[in-house]
Amino acid sequence: MLGTGLYLTIRLGGIQLVRLGAALRLGLIKRHDDEGAEGDISQFEALTTAMAATVGTGNIVGVATAISIGGPGALFWMWMTALLGMASKYSEAFLGVRYRTTDAAGEKSGGPQYYLERGIPNGFGKFLALCFAIFAVCACFGIGNMTQGNSIASNLERSFAVPAWVTGGALAVLTLVVLVGGIKSIGKVTAGLVPAMILFYVLGALYILGANASMVPAAFGEIFSQAFTGTAATGGFLGSTIMIAVQYGVARGIFSNESGMGSAAIAAASAQTSHPVRQGLVSMTQTFIDTIIVVSCTGLVIITTGVWNEVDPASGQLISASIMTGQAFSHGLPGEWGHWIVTIGLVLFAYSTILGWAYYGERNIERLVGRGGVMPFRVLFSLVVFFGCTVQLGVVWNFSDVMNGLMAIPNLIGLLIMSGLIARETKLYLKHDPKLEATSAEIEAFMKGDRGWEEWKANERKG
């Protein structure tokens, strides 16, 4: 995943750095510019649906795990993973829109399960698409369902003594109610929930960083120095400590932002957009927000409060990663505010992940068995949420990691094979609209006659 991100960064001329400002402006500020174009939901709703699936427990517990094992230097490698991953995220979202189709219910459907088959001729592309769809359905019940529900239930039980079965029942009902409305219902919920939960969490972190402002420069110093020297906290010889920092930084970074897995392309395909490049750039900002903003806030709070190498008096060992973020916020905020922010943040992050992955799962079910399988899938997915809240999940976590990896393999192969098409069509569009300010009429005028454009528009009209 990291290598593919680097390769695409080079082929696309560092698009994630050169076009980030324009992409953020289009996705967050001028977010109604493409309304009226083909698609089911706005670009912003597609962005928040994808963010709902990625901004989850990895942003709270995953960061703590990386730092507790790999030291502060692991955060640097999470940043590097995100920066390179933005090129992968752009590419898969671009392809998701470029090769999307319309299902029997009139809804847009796209992602690796379609663009691998349509963009790669002969049976190899079809084989890759089928593999992705199967792995994605399996993964959605693991990392996108049971593990998230279990995190919510265990935190509410520990913090507020809410029985796991009560949490499971409530989550199952809420999930089913939202899913029955399809992508338009999911988009509306995530468009309101995701910005609010991120703002709530980030403001709490910024307060702590402001209160510990004198420690922030030293924290950055530790991050950059230990990225290349390792940390004594991990033990072992020098080379091994550097390797551990890289390993856990990259692994948790990929787990957090999912760049290269292909999942975000499924949400991107539903967006109202005047050109695939525009939605690709908007989707790219998801990785920036997830890792460069939210993950950084978590990591810096853990490091500036000193919790990452704090010893638990009861056990005489370093504080467990599972409670490290909560401990850091409790140290940094007065009273019970830290505890509340982390608990509520984790619940909201995990629930939004359930909604996002439910959509990913149903789009792949639709690809495998047709539209008739969507409603049974929604019911089953909601019931499995209850199951996840009430059982121990050691095996499920391992299963989820394997499925995530298997999802990524066919998608990464496809991104590499189609990188030439991605680079060519991206370069052509940005030559005419570098600031992403063109109207739909202007785009029609300067793209007319281009083979890729005509092919996409013909497919949009055909539906």
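Residues numbered from 1 in each chain as written. Predicted model: local features only at pLDDT ≥ 70, side-chain atom pairs only at ≥ 80, totals over all residues. Heavy atoms only, no water.

1. Brief notes about the overall build of the protein
So, point 1. From N to C terminus, the protein includes 21 helices and two strands.
So, point 2. The C-alpha radius of gyration computed for the protein amounts to 22 Å, which stays within 12% of the reference 23 Å derived for 463 residues, consistent with globular compactness.
So, point 3. Its C-alpha atoms give the protein principal-axis dimensions of roughly 70 × 45 × 40 Å.
So, point 4. Excluding contacts between residues fewer than 6 apart, the proportion of contacts in the protein whose partners are at least 24 apart in sequence is 83%.
So, point 5. When the accessible area of the protein is evaluated, it comes to approximately 17100 Å², of which 66% is carbon and sulfur surface.
So, point 6. For the protein, the centre of its 29 positive side-chain charges and the centre of its 29 negative side-chain charges are spaced 8 Å apart. (Helix = DSSP H or I, 4+ residues; strand = E, 2+ residues; numbered from the N terminus. Rg over C-alpha atoms; globule rule 2.2 N^0.38 Å. Contact = heavy atoms within 4.5 Å. Areas by Shrake-Rupley, 256 points an atom, 1.4 Å probe, with all protein chains shown as cover. Lys, Arg positive; Asp, Glu negative; His and termini not counted. Charge placed at Lys NZ, Arg CZ, Asp CG, Glu CD.)

2. A short note on the packing of aromatic side chains
To describe a pair of aromatic rings, one takes the distance between the centres and the angle between the planes.
So, point 1. For the structure on display, the rule yields 17 aromatic pairs.
So, point 2. A centroid spacing of 5.8 Å and a plane angle of 45° characterise the contact between Phe141 and Phe381, whose relative ring orientation is tilted. Remark: Phe381 occurs in helix 17 (residues 374-390) and Phe141 occurs in helix 8 (residues 122-160); sequence separation between them is 240 residues. Each member of the pair, Phe141 together with Phe381, is buried.
So, point 3. Summarising the aromatic geometry, the rings of Phe160 and Trp340 are spaced 5.2 Å apart at their centres and angled 50° between planes, so their arrangement reads as tilted. With Phe160 in helix 8 and Trp340 in helix 16 (residues 337-369), this pair connects stretches of sequence that are 180 residues apart. (Phe/Tyr/Trp six-rings, centres within 6.5 Å; stacked < 30°, edge-to-face > 60°. Buried < 20%, exposed > 50% of the residue type's maximum accessible area, 1.4 Å probe, protein only.)

3. A closer look at the pattern of salt bridges
So, point 1. Taken as a whole and assessed by the stated rule, the structure comprises twelve salt bridges.
So, point 2. Ionic pairing is found between Arg278 and Asp433, a salt bridge with its closest N-O pair at 3.2 Å. Here the residue Arg278 occupies a position in helix 14 (residues 276-304), and Asp433 occupies one in the loop between helix 19 (419-432) and helix 20 (440-447), the gap between them amounting to 155 residues.
So, point 3. With relative accessibility at 1%, the residue Arg278 sits in the buried group. (Salt bridge = Lys/Arg side-chain N within 4 Å of Asp/Glu carboxyl O.)

4. A look at empty space enclosed by the protein
So, point 1. The full count for this structure, using the stated rule, is three cavities of 30 Å³ or more.
So, point 2. The space that makes up the largest cavity amounts to roughly 90 Å³.
So, point 3. What lines the largest cavity is a set of 13 residues, among which Ala53, Ile143, Gln148, Phe255 and Glu258 lie closest to the centre.
So, point 4. When residues of the lining of the largest cavity are traced back to their parent elements, those giving at least two are helix 4 (43-54), helix 8, helix 12 (238-257) and helix 16.
So, point 5. Split into classes, the residues belonging to the lining of the largest cavity amount to four nonpolar, eight polar and one charged.
So, point 6. Taken as a whole, the second largest cavity encloses approximately 40 Å³ of empty space. (1 Å grid on protein atoms, 1.4 Å probe; cavity = no way out; pocket = protein on both sides within 12 Å on 5 of 7 lines; lining within 4 Å. Points joined across faces, edges and corners; volume = space filled by probe spheres on them. Nonpolar A, V, L, I, M, F, W, Y, C, P; charged D, E, K, R; others polar.)

5. Comments concerning the confidence of the model for the protein
So, point 1. Averaged over all residues, the pLDDT of the protein is 88; the fraction at 70 or higher stands at 96%.
So, point 2. For the protein, the element scoring lowest by mean pLDDT is helix 12, at 71; helix 19 scores highest, at 97.
So, point 3. The model gives residues 232-240 a pLDDT under 50, and that stretch makes ten contacts with residues more than four places away or in other chains. (pLDDT = per-residue confidence, 0-100.)

6. Describing the packing of helix 8 against helix 17
So, point 1. Contact geometry for helix 8 and helix 17: axes closest at 7 Å, N-to-C directions at 40°. Here helix 17 runs oblique to helix 8, going by the angle between their axes. In the packing of helix 8 onto helix 17, the handedness of the crossing is right-handed. In this structure, helix 8 uses Cys140, Phe141, Gly144, Asn145, Met146, Gly149, Asn150 and Ala153 to contact helix 17, whose residues at the interface are Phe377, Leu380, Phe381, Val384, Val385, Phe387, Gly388 and Cys389.
So, point 2. Residues of the contact of helix 8 with helix 17, tallied by class, amount to eleven nonpolar, five polar and no charged. (Axes fitted to C-alpha atoms, helices over the stretch in contact; angles between N-to-C directions. Parallel < 35°, antiparallel > 145°, perpendicular 65-115°, else oblique. Left-handed = near helix turned anticlockwise from the far one by under 90°.)

7. Concerning helix 5 (residues 61-70)
So, point 1. Among the ten residues that make up helix 5, seven are buried, leaving the element largely enclosed by the rest of the structure.
So, point 2. Taken from the residues just after helix 5, Gly71 is the one with a positive phi, measuring 80°.

8. Details of the packing of helix 7 (residues 112-119) against helix 8
So, point 1. Following both chains from N to C, one finds helix 7 and helix 8 inclined at 175°, their axes separated by 7 Å at the closest point. Overall, the two elements helix 7 and helix 8 adopt an arrangement that is roughly antiparallel. In this structure, helix 7 contributes Pro112, Gln113, Leu116 and Glu117 to the contact, and helix 8 contributes Gly125, Lys126, Leu128, Ala129, Phe132 and Ala133.
So, point 2. Split by residue class, the contact of helix 7 with helix 8 holds six nonpolar, two polar and two charged.

9. Regarding the state of the cysteines
So, point 1. Evaluated as defined, the whole model comprises zero disulfides.
So, point 2. Cysteine Cys138 shares no disulfide, and the gap to the nearest cysteine sulfur, in Cys140, comes to 8.1 Å.
So, point 3. Overall, the relative accessible area of 27% leaves Cys138 in the partly exposed class. (Disulfide = S-S within 2.5 Å.)

10. As for a nonpolar patch on the surface
So, point 1. Nonpolar side chains collect at one region of the surface, where Phe124, Phe127, Ile409, Ile413 and Ile417 lie side by side and expose about 460 Å² of accessible area between them.
So, point 2. Of all the secondary-structure elements, those providing two or more residues to the nonpolar patch are helix 8 and helix 18 (394-417).
So, point 3. Of all the elements, helix 18 adds the most residues to the nonpolar patch, at three residues.
So, point 4. One can find Phe124 in helix 8. (Patch = residues over 30% accessible without salt bridge, like charges linked within 9 Å, V, L, I, M, F, W, Y side chains within 5 Å.)

11. Topic: helix 14
So, point 1. The end-to-end C-alpha distance of helix 14 is 41 Å, a good match for the 42 Å that 29 residues give at a rise of 1.5 Å each.
So, point 2. Helix geometry: helix 14 is bent most strongly at Ser296, by close to 35°.
So, point 3. Burial analysis of helix 14 places 27 of its 29 residues in the buried class, which makes it a mostly covered element.
So, point 4. Phi turns positive, to about 80°, at Gly306, one or two residues after helix 14. (Expected span 1.5 Å × (residues − 1). Bend = angle between axes of the 7 residues up to and from the residue.)

12. Notes on the environment of Gln327
So, point 1. With respect to the helices and strands, Gln327 occurs in helix 15 (residues 321-332).
So, point 2. Overall, Gln327 belongs to the partly exposed group, its relative accessible area being 28%.
So, point 3. Put simply, Gln327 and Trp79 are 248 residues apart on the chain and 23 Å apart in space, counted from C-alpha to C-alpha.
So, point 4. If near-sequence neighbours (up to four positions away) are discounted, Gln327 is found in contact with Val307, Glu310 and Ile319.

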